[in-house]
Amino acid sequence: MTIDIKVIDFLDYDHHSKWRRLQKGQAVSDTHVTAPTQYIEVDGDRFAYRRWGKPSGVPLFFVQHFRGGMDNWDPLITDGLAEGREVILFNGRGLASSSGTPRNRIEDMADDIAAVIRALGLEQVDLLGFSIGGVQAEEVVLRHPELVRKLLLIGTGLRGGEESTNTKVPEVATNAIPTVDDFLFLFFGRSEVAREAGKAFWERRHQRVDQDPPSSPELMMAQAEAIAVYSPLRPGETPFVYLNAITQPTLVINGEDDVMIPSINSWHLAQNIPDAQLIIYPDAGHGAQFQYPERFLKHAVQFLDE
């Protein structure tokens, strides 16, 4: 494995000095909209990441939803969490600004995450996974348990779980250029209050000027294949028992009506991961954390700090 941890696209003195101060534990001024995109080389491909926040304790590593990259996170959430810890946003292999052929198996995606964590010189992280990112996070914990201290699963499925029966979901989720209406349908509740919260999120997530390129059609197809292959139970497998092997404290969060990954799957996660707790947000859907960012921050910080 070849590892290259030098900053590639940001070579000016200011960003280098910020990174040195970060390593020394000094305060830095980077935020979601200013943190430089950096790259680390693993097995011949460059993985894009952004890292900022208070350098104390265990960093929080983010793994994003279907087709989503670093700019699909909510700055209110990432900056809020960065007040108490380092946060690391990450693009998987072949996703947006990362190079390489996109992975088409969840297990390979999980191994890539573990390799990047190790390449960054981290002994352990707290791992936050959203949607397909949560499924990848589950596999990281199962395959590389020593790397993860605590686990946050948001809008997440599981092997053998209930699949969405909403026929509109595949059509909207695969739109070449997702619109605000697509996000409102897929991620948010149906009330006018929920829609307004969704529009506010849409504005926040477009604050950064130098955004990632969109993910490619090849990435979308690879992730769809990965989900299709991973989702069925293995021959002779008892539903959800495999989750008993996850020993890390786990926080599971979802909205009451998730049209993408039915909310009942979050109940199954909480019932089968031994040290898990479940929070369901009202009038919310798949992206409940984006609809209730302040509430989510309180729950996440309490969980991570206790």
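Residues numbered from 1 in each chain as written. Predicted model: local features only at pLDDT ≥ 70, side-chain atom pairs only at ≥ 80, totals over all residues. Heavy atoms only, no water.

### Some details on helix 9 (residues 264-272)
Each α-helix turn comprises 3.6 residues. Residues three or four places apart therefore point the same way. Keep this limit in mind: Residue exposure (1.4 Å probe, protein chains only): buried if accessible area is under 20% of the type maximum, exposed if over 50%, otherwise partly exposed. What counts as a helix is a DSSP run of H or I of at least four residues, what counts as a strand is a run of E of at least two, and both are numbered from the N terminus. Contacts were defined at the residue level, with two residues in contact if any of their heavy atoms lie within 4.5 Å.
Among all positions of helix 9, only Asn-265, Ser-266, Leu-269, Ala-270 and Asn-272 are buried. Residues of helix 9 that are buried make contact with helix 4 (132-143), strand 6 (148-154), strand 7 (250-255) and strand 8 (276-281).

### Examining the pattern of salt bridges
Note on pairing: side chains with opposite charge can pair once their charged atoms come close. Condition: Salt bridges are identified by distance alone: a Lys or Arg side-chain nitrogen within 4 Å of an Asp or Glu carboxyl oxygen.
Scanning all chains against the criterion turns up 16 salt bridges. Glu-86 is the salt-bridge partner of Arg-51, the closest N and O atoms lying 2.7 Å from each other. Of this pair, Arg-51 sits in strand 2 (residues 45-53) while Glu-86 sits in strand 4 (residues 86-90); the two residues are 35 residues apart in sequence, bridging distant segments of the chain. On the accessibility criterion, Glu-86 (9% relative accessible area) is buried. Two residues, Asp-112 and Arg-93, come together in a salt bridge whose shortest N-O distance is 2.7 Å.

### Here's the deal with the sheet that holds strand 3 (residues 60-63)
Put simply, the rule is: When DSSP locates at least two bridges between a pair of strands, those strands are taken to pair. Helix axes use the C-alpha atoms of the stretch in contact, all axes being lines fitted to C-alpha atoms, and the angles between their N-to-C directions lie in the range 0 to 180 degrees.
Strand order in this open sheet of eight strands is 1-2-4-3-5-6-7-8, and the pairing throughout is mixed. One side of each edge strand has no neighbouring strand; the edge strands of this open sheet are strand 1 (38-42) and strand 8. Each adjacent strand pair in this sheet contributes to an overall mean axis angle of 25°, direction not counted. Bridge count between strand 2 and strand 4: five bridges; the pairing is antiparallel. If you follow Trp-52 over to strand 4, its bridge partner there is Val-87. The strands touched by helix 11 (residues 293-305) are strand 3, strand 5 (125-130), strand 6, strand 7 and strand 8; relative to strand 6, the strand with the most contacts, the crossing angle is about 155°.

### A short note on the pairing of strand 4
To keep it simple, the criterion reads: Seen with its strands pointing away from the viewer, a crossover is right-handed when the path leading from the first strand over the helix to the second is clockwise.
The buried fraction of strand 4 is high, at five of five residues. Both faces of strand 4 are covered, namely the face carrying Glu-86, Ile-88 and Phe-90 and the face carrying Val-87 and Leu-89. Both strand 3 and strand 4 contribute to a ladder of two bridges, which runs parallel. Bridging from a neighbouring strand, Leu-60 pairs with Val-87 of strand 4. Following the backbone out of strand 3, through helix 2 (residues 75-82) and into the adjacent parallel strand 4, one traces a crossover that is right-handed.

### Observations regarding the packing of aromatic side chains
As a reminder of what qualifies: For Phe, Tyr and Trp, where Trp contributes only its six-membered ring, two rings pair if their centres lie within 6.5 Å, and the inter-plane angle classes them as stacked under 30 degrees, edge-to-face over 60, or tilted in between.
In this structure the tally under the stated criterion is 12 aromatic pairs. On the numbers, 5.0 Å between centres and 75° between planes, the contact of Phe-62 with Trp-73 is edge-to-face. Taken as a pair, Phe-62 in strand 3 and Trp-73 in the loop between strand 3 and helix 2 lie far apart in primary sequence, 11 residues in all. Per residue, the accessibility class of Phe-62 equals that of Trp-73, and both read buried.

### Side note on the packing of helix 6 (residues 180-187) against helix 7 (residues 192-205)
Cut-off, in case you're wondering: Should an angle lie under 35 degrees it is considered roughly parallel, over 145 roughly antiparallel, and from 65 to 115 roughly perpendicular; all remaining angles are considered oblique. A clockwise turn of the near helix away from the far one marks a right-handed crossing, whereas an anticlockwise turn of less than a right angle marks a left-handed crossing. Any residue that is not Ala, Val, Leu, Ile, Met, Phe, Trp, Tyr, Cys, Pro, Asp, Glu, Lys or Arg is counted as polar, Gly included; the first ten are nonpolar and the last four charged.
Running from N to C, helix 6 and helix 7 point in directions that differ by 125°, and their axes come no closer than 10 Å. By the angle class used here, helix 6 and helix 7 are oblique. For the crossing formed where helix 6 meets helix 7, the hand is right-handed. Across the interface between the two elements, Val-180, Asp-181, Phe-183 and Leu-184 from helix 6 touch Arg-195, Gly-198, Lys-199, Phe-201, Trp-202 and Arg-205 from helix 7. Residue composition of the contact of helix 6 with helix 7, by class: five nonpolar, one polar and four charged.

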